[in-house]
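Here is what each chain is made of, one letter per residue.
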Amino acid sequence: MVRSPDKAASSPAAAAALTADLGFQSNNHERSLFKRTHPHLESNADRSKSADRGGHSRGGGRGLYHGRRKGFQLKGRSMVYFCVLLALFGLALAPMVLQSTIGRVLRQGRSERGIARWLRERNGGGGSVRPLRFVMRELDGAGRLDRLRMEARVAVRPPRLALILGNTRKNPESLMLFTVVKNLQLLGYMFQLYAMEDGNARTMWEQLGGQMLILNPERFNHLDWSIYEGVIAHSIEAKEAVSSLVQEPFCPVPLIWIIQEDVLANRLTYYNEMGWRHLISHWQSAFSRADMIVFSDYSLPMLYSVVDKGNFFVIPGSPVDVWAAESYARTHSKYNMRKSRAYGSDDLLVLVAGSSLFFNEILWDYAVVRTIGPLLVKYANKKDGGGSVKFIFFCRNSTDDCGNDLQEVAAHLRLGPDSMRHYGLNSDVNGVLLMSDIFLYVSFQDEQGFPSLLARAMTFGIPIVAPNLRIVKNYVVDGVHGMIYDKKNQDDLLRAFSLLVSRDRKLSKFAVAVGSTGKRLAENMLASECIKGYANLLEYLLDFPSYVSLPRPFSPIQQQSWEWNFFREKMAQRNGDSFGDDEYNAETKRTSVVYSLENDLNSIQDSGNLSDSMGRKIEQEIFTTKDWEVLKEVEKLEEMERLEVHQLEDRMDKDPGNWDEIYRNARKSEKLKFEANERDDGELERTGQPICIYEIYYGAGAWPFLHHGSLYRGLSLSTRSTRLSSNDIDAVTRLPLLSDFRYRDLLCEIGGMFAIANKVDEIHKRPWIGFQSWRASGRKVSLSVKAEGILEKIIEREARGDVMYFWKCLEIDTGLSTNNELLTFWSLCDILNGGQCRNAFEIAFRHMYGLASSVDALPPMPGDGGHWSALHSWVMPTPSFLEFVMFARIFADSLNTLHGNTNITTGCMLGFSQLERKHCYCRLLELLVNVWAYHSARRMVYIDPRTGLFEEQHPVDRRKGMMWVKYFNFTLLKRMDEDLAEAADDGDFQSDTWLWPLTGEVHWQGIYEREREQRYRNKMDKKKKTKEKLLERMKYGYKQKSLGRK
């Protein structure tokens, strides 16, 4: 609020401040307000200038202009009335002008333009700055989970998260993350720890989250991130690990990247100045992979605005200020700090600071006089033998002109030359804070985060005086943790300040008590809010499958402090300010991924520039246009000569030779064809082998998990992600249905099996066939070299037989040492499919065979404790595989019809989460081979993937009376397949989304007969044309076309 003119007139200091506010926008180089308005120093020229400025105001200017208009004259009593009205109008206009001036200043400071100007100064004064695209969002994850908690859920394991640490040092950033992770564990999350480098905090982290794996470049691409509900990366140093999450199949995994350092931000400014757009683009691409880039301070998103991709998010709260203050206080004393800066022990030092973001936007004289002018007049100009009150101001830099401004203000207020001094924010901030007695915070606008200087001052035990900002009132209680004043009321500031100073200008006992209470508050301030922010963020981003338990809601009562006990020893060992340690900064520069990546990319750029210069030299030796024209003429003449020679040879009689020579030449030309002769080493090695295992994968991120050699062959579910150097099979080319992303995601790996079975003789001519998902290698359950050799020997010995060998068991990874043997097959299936596996299988099976509702349609599966196959990791004879595909195609179509009849377009009855709905049929179809093998009387043999030991599961002689052989009989399945093929051939589609004709070959007896008839017609037409041609030659003879005629 601006004070009224009557009150302003009653106080000389207030009148001076009011007059100064009215002249705030002047361009005069004499910036001191008191020099222009003080009654003892104001000159006639200054008065005239002030009057001119007042005449240019909006309302006053128009009134004076109309008053001088021709034909309008005021005389006598009218003149007196007019002067009185004009005076009243001026008194009413003055507060409005003052408020408008202040509003313009504040709006300028708070506007995006002001932020951009500040960023340009940080960037060296040049270049354009893009506006920030991050906004504060209300996370609705809690509401979504509240609804899920009300639904029935069979949860067998907690949500699992991967935590990637950039380093394992003990620092304030690690303290924040350690506290958050520990409390997230209490909410029900389970963490797997990874680190980019080893450090002194590894033991502490392993006590919290178990064994830690130190990553290196060889391990980045051999981690299966799909087993986690989410990944949390901490620090810029985790960038290489983040790069392994860029490609499919790891793109759907939620990634939270926590960044608390400004190492990259400082280099981005340098990249912009140097024009290194390739480095900026590289970091933009890396940042775009994260679902959320989380900062702990609102200033960091501004520094990283160059790489902002709209995924910036701020969770305020970090012990960095408390850590810095406590570390500094352990090695420095207040007495030495004062002595080094020429202050006495009896001096009462008042440190004045404000928002560091907008200090350059507001003139120092206005900030000082308008806010604390009366405070300076009351306390700083009193002198006696008991000491003095001195004010210290924080400016932006030590070299700013605010020092001269402060001296001018001190002179006009008739204060001593040493009563006001300034220090830059680039100086020893902790030292200035430590030697101060009272900290006065001045701010003209609301701030989003708790001021950093305010938190450090409280940590030093200094009583604070702060404005009534929303963020301050949320944590600081007036009169308990500090003093809060109304930023629009100067009298309230004087009241708050007077309570901290005694009559002899010393700190009062009340001030000491306030400082002590504020110190205890600052130690753990924002800890609870920080933990709650990460808990809400995880609930918002993560997708919890149906078999994963939901985290408990966070309660602020659970944790209200940082985990200082694990870090106190490290803080005591540090010397000085941990943030000003030159050795630490030098080490960071040597080891940081920012600098190593900068050197690598610049070396590549330099080599590219070198090649460009070499290319320019070569360009000088390239033929000119005239040279190319001459070359074209020569080539045209040679082509004409070649054609004439060829025509002459056709007219000459030639002996074709005997038929053996002609046949030999034809076979030779056939062998020279590229398509028939081009084979890689793996294809040549597979020649003559009885088995081939197809590894199903999707995305280039799965390439490191695939095997090489004669036993394996890749099967890609995406054309773009097929390995170029290997003889992999493109499933989309063989089965066009997979080009539809919806069905590719619904079928998953079994869609690749349908592609192999479609005209299988074209690519697979071996008696045995096997499959394995890329996930088997990622989860360390693929066959070892020893197991592979044993399997090949057994297959060679057993040329025939209805048997299925598998090496990945169906089990639920609970993350604990629990036993799954007590769970039956259908129980495990229900857990993996949202509790609806039996219901969905029974309905689909009933629809598949047309069974009545009174007939049981769920095939029984024994609970004898044996193993079942998972992850499509099995081997069987090729005829048995084709029979299984015949059954699986019909069942998948029936399952798809079930969802079509229930009008489920975006949902799925077999799962809750978005990922489960996307891959709706995958988990049920993955287990379908067990039902088919069991009830079709196939032997099921488990192979230990490490040792190669064999163990038969569910022996056939024990299945008698339990198998539904009549439903899995080959004759019945073949007849059902032909009936569906006949309906598809006749165009009698059962529904608009009939899936069966799209999953493979469509053949029945009518098609065979029609193809045979068509072949016979083609043969007869060819004979007829040959006969007519012979008769024509016998009648008219052989005629040769004349040369040169069309």
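Residues numbered from 1 in each chain as written. Predicted model: local features only at pLDDT ≥ 70, side-chain atom pairs only at ≥ 80, totals over all residues. Heavy atoms only, no water.

Novice: Looking at this structure, I do not really get helix 10 (residues 202–209). What am I missing?
Specialist: For an α-helix the count is 3.6 residues per turn, leaving residues at separations of three or four pointing the same way. Residues Met 204, Trp 205, Leu 208 and Gly 209 constitute the buried set of helix 10. For helix 10, the angular spread of buried residues about the axis comes to 110 degrees, placing them on one side. Residues Thr 203 and Gln 207 are exposed on helix 10 and point more than 90 degrees away from its buried face. In the stretch just after helix 10, Gly 210 is the one whose phi turns positive, near 85 degrees. (Buried < 20%, exposed > 50% of the residue type's maximum accessible area, 1.4 Å probe, protein only. Helix = DSSP H or I, 4+ residues; strand = E, 2+ residues; numbered from the N terminus. Arc of directions from axis to C-beta.)

Novice: For this particular structure, what's the right way to read the pattern of salt bridges?
Specialist: Here the idea is simple: oppositely charged side chains can pair when their charged atoms come close. Under the criterion given, the structure shown has 30 salt bridges. For Glu 762, the salt bridge goes to Arg 734, with nearest N and O atoms at 3.6 Å. Here Glu 762 is found in the loop between helix 34 (749–757) and strand 17 (768–773), whereas its partner Arg 734 is found in helix 32 (residues 731–734), with 28 residues between them in sequence. A residue is classified by how much of its surface remains accessible, and Glu 762, at 55% relative accessible area, is exposed. A residue is classified by how much of its surface remains accessible, and Arg 734, at 14% relative accessible area, is buried. Here Glu 749 makes a salt bridge to Arg 775, at a shortest N to O gap of 3.1 Å. Taken together, the residues span a long stretch of sequence, with Glu 749 in helix 34 and Arg 775 in helix 35 (residues 774–778) at a distance of 26 residues. Given a relative accessible area of 17%, Arg 775 falls into the buried group. (Salt bridge = Lys/Arg side-chain N within 4 Å of Asp/Glu carboxyl O.)

Novice: Would you mind going over the sheet that holds strand 2 (residues 190–195) with me for this structure?
Specialist: Adjacent strands of a sheet pair through backbone hydrogen bonds, lying either parallel or antiparallel. Judged by pairing direction, the sheet is parallel, and its seven strands sit side by side in the order 3-2-1-4-5-6-7 without closing on themselves. Of all the strands in the sheet, the pair left with one neighbour each is strand 3 (212–214) and strand 7 (312–314). Shown here is a sheet whose adjacent strand axes are inclined to one another by a mean of 25 degrees, direction ignored. Taken together, the six bridges between strand 1 (residues 160–165) and strand 2 define a ladder with parallel strand orientation. Considered in strand 2, the bridge of Leu 161 is made with Phe 191. Sheet strands touched by helix 24 (residues 527–541): strand 1, strand 4 (230–234), strand 5 (255–259) and strand 6 (292–295). Its angle to strand 6, the strand with the most contacts, is close to 175 degrees. (Pairing = 2+ DSSP bridges. Axes fitted to C-alpha atoms, helices over the stretch in contact; angles between N-to-C directions. Contact = heavy atoms within 4.5 Å.)

Novice: Any chance you could explain the packing of helix 37 (residues 825–832) against helix 38 (residues 837–849) here in plain terms?
Specialist: Any two packed helices are characterised by the angle at which their axes cross and by the distance between the axes. Axis separation between helix 37 and helix 38 bottoms out at 7 Å; the angle between their running directions is 105 degrees. Relative to helix 38, helix 37 is oriented roughly perpendicular. Taking contact as the criterion, the partners of Trp 826, Ser 827, Cys 829 and Asp 830 in helix 37 are, on helix 38, Cys 837, Arg 838 and Phe 841. Taken together, the residues that form the contact of helix 37 with helix 38 break down as four nonpolar, one polar and two charged. (Parallel < 35°, antiparallel > 145°, perpendicular 65-115°, else oblique. Nonpolar A, V, L, I, M, F, W, Y, C, P; charged D, E, K, R; others polar.)

Novice: What am I meant to see in the environment of Val 965 here?
Specialist: With respect to the secondary-structure elements, Val 965 resides in the loop between strand 21 (950–953) and helix 43 (970–985). Between the C-alpha atom of Val 965 and that of Trp 932, which follows or precedes it by 33 residues, the distance is 9.6 Å.

Novice: Help me understand the side chain of Ser 546 in this model?
Specialist: One can find Ser 546 in the loop between helix 24 and helix 25 (568–573). Relative accessible area serves as the criterion here: at 2%, Ser 546 is assigned to the buried category. Here Gly 834 takes part through its backbone nitrogen, which lies 3.1 Å from a polar atom of the side chain of Ser 546. Engagement of the side chain of Ser 546 in a polar contact is seen with the side chain of Glu 916, the distance being 2.9 Å. Ignoring any residue separated from it by four or fewer positions in sequence, one finds Ser 546 in contact with Arg 153, Val 154, Ala 155, Ile 831, Leu 832, Asn 833, Gly 834, Phe 912 and Glu 916. (Polar contact = N/O pair within 3.5 Å; in protein donor to acceptor, adjacent residues only side chain to side chain.)

Novice: Please explain the sheet that holds strand 15 (residues 712–716) as it appears in this structure.
Specialist: Judged by pairing direction, the sheet is mixed, and its eight strands sit side by side in the order 16-15-14-17-19-18-20-21 without closing on themselves. If you trace the sheet from one side to the other, it starts and ends with strand 16 (729–730) and strand 21, each paired once. Taken together, the five bridges between strand 14 (residues 691–697) and strand 15 define a ladder with parallel strand orientation. Bridge assignment links Tyr 694 to a residue of strand 15, and that residue is Arg 713.

Novice: Would you mind showing me how to read the packing of helix 12 (residues 263–274) against helix 13 (residues 277–289) here?
Specialist: Remark: helix 12 packs on helix 13, axes separated minimally by 8 Å, with the N-to-C direction vectors making an angle of 140 degrees. The orientation of helix 12 with respect to helix 13, classified from their angle, is oblique. The two elements helix 12 and helix 13 cross, and the hand of that crossing is left-handed. Seen from helix 12, the contacting residues are Leu 264, Leu 268, Tyr 271 and Asn 272; seen from helix 13, they are Arg 277, Leu 279, Ile 280, Trp 283 and Phe 287. Here the residues of the contact of helix 12 with helix 13 sort into seven nonpolar, one polar and one charged. (Left-handed = near helix turned anticlockwise from the far one by under 90°.)

Novice: Is there a simple way to explain the packing of aromatic side chains in this structure?
Specialist: The relation between two aromatic rings is expressed through the spacing of the ring centres and the mutual angle of the planes. Across all of its chains, the model carries 45 aromatic pairs by this definition. With a centroid separation of 4.8 Å and an interplanar angle of 40 degrees, the aromatic rings of Phe 841 and Phe 891 are classed as tilted. Of the two residues, Phe 841 is situated in helix 38 and Phe 891 in helix 39 (residues 878–901); the sequence distance between them amounts to 50 residues. Grouping residues by exposure puts Phe 841 and Phe 891 together as buried. Joined through ring pairs, the aromatic side chains of Phe 825, Trp 826, Phe 841, Phe 845, Tyr 849, Trp 868, Phe 887, Phe 891, Tyr 934, Trp 964, Tyr 967 and Phe 968 make up one cluster. The positively charged end of Arg 742 is found above the aromatic ring belonging to Tyr 743, 5.1 Å away from the centroid. Over the aromatic face of Trp 996 sits the side chain of Arg 889, whose NZ or CZ is 4.4 Å from the ring centroid. (Phe/Tyr/Trp six-rings, centres within 6.5 Å; stacked < 30°, edge-to-face > 60°. Lys NZ or Arg CZ within 6 Å of the ring centre and 35° of its normal.)

Novice: What should I look at first to understand the nonpolar core in this one?
Specialist: Generally speaking, a soluble globular protein has its nonpolar side chains buried in company with each other. Trp 205, Ile 756, Phe 771, Trp 874, Phe 881 and Phe 884 are the most contacted members of the largest nonpolar core, which totals 138 residues. The greatest single-element share of this core, amounting to eleven residues, is contributed by helix 39. Among the nonpolar cores identified, the runner-up in size contains 52 residues, and Tyr 194, Ala 233, Tyr 271 and Leu 706 belong to it. (Core = buried A, V, L, I, M, F, W, Y, C linked by side-chain atoms within 4.5 Å.)

Novice: Quick question: what am I supposed to make of the side chain of Asp 347 here?
Specialist: With respect to the element layout, Asp 347 can be found in the loop between helix 16 (334–340) and strand 8 (348–354). At a separation of 2.9 Å, a polar atom in the side chain of Asp 347 contacts the main-chain amide nitrogen of Gly 344.

Novice: Explanation requested: the state of the cysteines in the structure shown.
Specialist: Simply put, the disulfide is a covalent bond whose two ends are the sulfur atoms of two cysteines. One pass over the full model with this rule turns up three disulfides. Between the sulfur of Cys 748 and that of Cys 922 lies a disulfide, 1.8 Å long from S to S. A torsion of 70 degrees about the S-S bond marks the disulfide between Cys 748 and Cys 922 as right-handed. Taken as a pair, Cys 748 in the loop between helix 33 (741–747) and helix 34 and Cys 922 in helix 41 (residues 922–926) lie far apart in primary sequence, 174 residues in all. We classify Cys 922 as buried; its relative accessible area is 9%. A sulfur-sulfur separation of 1.8 Å characterises the disulfide bridge that pairs Cys 908 with Cys 920. Given an S-S torsion of about 75 degrees, the disulfide between Cys 908 and Cys 920 has right-handed geometry. Taken together, the positions of Cys 908 in the loop between helix 39 and helix 40 (914–918) and Cys 920 in the loop between helix 40 and helix 41 put the pair twelve residues apart, joining distant regions of the chain. An identical accessibility class is assigned to Cys 908 and Cys 920; each is buried. (Disulfide = S-S within 2.5 Å.)

Novice: Please clarify how the pairing of strand 19 (residues 874–877) should be interpreted in this entry.
Specialist: Note on strand geometry: in a regular strand, side chains alternate between the two faces of the sheet. As defined by bridge partners, strand 17 adjoins strand 19 across four bridges and the pair is classed as antiparallel. Within strand 19, the residue paired with Trp 768 across the bridge is Pro 877. Two elements, strand 18 (residues 803–806) and strand 19, share two bridges in a ladder whose sense is antiparallel. Looking across to strand 19, one finds that Tyr 805 is bridged to Val 875.

Novice: Just to check I follow, could you spell out the confidence of the model for the chain for this structure?
Specialist: Where the model shows low pLDDT, its predicted coordinates should not be examined in detail. On average, the chain scores 78 in pLDDT, and the residues at 70 or more come to 73%. Throughout residues 94–132 the model reports pLDDT below 50, and contacts reaching past four residues in sequence, or to other chains, amount to 64 contacts. Residue range residues 575–587 is modelled with pLDDT below 50. Its contacts to residues more than four positions away, or to other chains, number 18 contacts. (pLDDT = per-residue confidence, 0-100.)

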